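# Commentary on secondary and tertiary structure
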Amino acid sequence: MRIGFGFDVHKFDHKKKHILLGGLKINCGFGVMAVSDGDVVLHAVCDAILGAASLGDIGDYFPPAKEKSRGIKSINIAESVLKKVRGIFRIKNVDITIITDKPPLLSHKDRMAKSMSKIFKTKNINVKIKSKEGLDILGSKDAISCFAAVLLVRK
């Protein structure tokens, strides 16, 4: 068994109209600033998978300064990461903690877990939503962040 830990954070962009979380489009009147589509959940999970497999992080494969990374869909990043571990490991479970004060995400938890179950091919997906309690941590009130832990088992 191998355990990986991932993290991502993005500042809000109030010129955009939606965010992507766990492969879901959530209309909320704002988006995030990012080189890619900015799905903090998929980014954190992908980094956790790569960490558990001792394969670096998504920045090694999709460097922010490279043209190929600009505007890339996070689902494509996830597919690339899954190809790297396919045949060697399978995902046993994924535990996710999204930290933000906005938008309200409780009503999206189940759909997010189902979306990620399809992407990562496991039913063992847990999603938690935590408030920053108004504190100036992880980007003040103008950002969203995600922590993810993944357990891989050797095939």
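Placed above this text is the structure.
What counts and what doesn't
Residues numbered from 1 in each chain as written. Predicted model: local features only at pLDDT ≥ 70, side-chain atom pairs only at ≥ 80, totals over all residues. Heavy atoms only, no water. Buried < 20%, exposed > 50% of the residue type's maximum accessible area, 1.4 Å probe, protein only. Helix = DSSP H or I, 4+ residues; strand = E, 2+ residues; numbered from the N terminus. Pairing = 2+ DSSP bridges. Phe/Tyr/Trp six-rings, centres within 6.5 Å; stacked < 30°, edge-to-face > 60°. Right-handed = clockwise from strand over helix to strand, strands pointing away. Lys, Arg positive; Asp, Glu negative; His and termini not counted. Salt bridge = Lys/Arg side-chain N within 4 Å of Asp/Glu carboxyl O. Polar contact = N/O pair within 3.5 Å; in protein donor to acceptor, adjacent residues only side chain to side chain. Contact = heavy atoms within 4.5 Å. Axes fitted to C-alpha atoms, helices over the stretch in contact; angles between N-to-C directions. Parallel < 35°, antiparallel > 145°, perpendicular 65-115°, else oblique. Left-handed = near helix turned anticlockwise from the far one by under 90°. Nonpolar A, V, L, I, M, F, W, Y, C, P; charged D, E, K, R; others polar.

Quick look at the pairing of strand 2 (residues 18-21) now. It is a general feature of regular strands that their side chains alternate between the two faces of the sheet. Burial along strand 2 is one-sided: the residues Ile-19 and Leu-21 are buried and none of His-18 and Leu-20 is. Where strand 2 lies against strand 3 (residues 24-27), four bridges are found, and the strand directions are antiparallel. Each residue of the ladder has a partner; that of Leu-20, found in strand 3, is Lys-25. What sits between the antiparallel neighbours strand 2 and strand 3 is a turn of two residues, in which Gly-22 has the positive phi angle 60°.

This part takes up the packing of aromatic side chains. In total, this model carries three aromatic pairs according to the counting rule given. Taking the centre distance of 4.6 Å and the plane angle of 65° together, the rings of Phe-12 and Phe-30 count as edge-to-face. You can see Phe-12 sitting in strand 1 (residues 2-13) and its partner Phe-30 sitting in the loop between strand 3 and strand 4 (31-32), a full 18 residues away along the chain. Residue Phe-30 is classed as buried on the basis of its relative accessible area, which comes to 7%.

The alternating pattern of strand 6 (residues 125-130) places Ile-125, Val-127 and Ile-129 on a buried face and Asn-126, Lys-128 and Lys-130 on a face that is not buried. Pairing between strand 5 (residues 89-99) and strand 6: six bridges, direction parallel. Bridge pairing links Val-94 to Ile-125 in strand 6. Taken together, strand 5, helix 4 (residues 109-120) and strand 6 form a β-α-β motif whose crossover is right-handed.

On to the side chain of Asp-13, then. For Asp-13, the position within the fold is in strand 1. No salt bridge is formed by the buried Asp-13, whose closest oppositely charged neighbour, Lys-16, lies at an N-O distance of 4.1 Å. In terms of polar contacts, Asp-13 uses its side chain to reach the backbone amide nitrogen of Lys-15, at 2.9 Å. Excluding its chain neighbours within four sequence positions, the residues that come into contact with Asp-13 are Phe-30, Gly-31, Val-32 and Met-33.

Where helix 1 (residues 40-52) contacts helix 4, the axes come no closer than 12 Å and their chain directions differ by 40°. It follows from the interaxial angle that helix 1 and helix 4 lie oblique. Both helix 1 and helix 4 take part in a crossing whose hand is right-handed. In this structure, helix 1 uses Val-41, Leu-42, Val-45, Cys-46 and Ile-49 to contact helix 4, whose residues at the interface are Met-112, Met-116, Ile-119 and Phe-120. A per-class count over the contact of helix 1 with helix 4 returns nine nonpolar, no polar and no charged.

On to the environment of Arg-2. Within the element layout of this structure, Arg-2 appears in strand 1. Sequence-wise, Arg-2 and Asn-124 are 122 residues apart; in three dimensions their C-alpha atoms are separated by 16 Å. When near neighbours in sequence (up to four residues on either side) are disregarded, Arg-2 contacts Ala-52, Ala-53, Ser-54, Phe-89, Val-150, Leu-151, Leu-152 and Arg-154.

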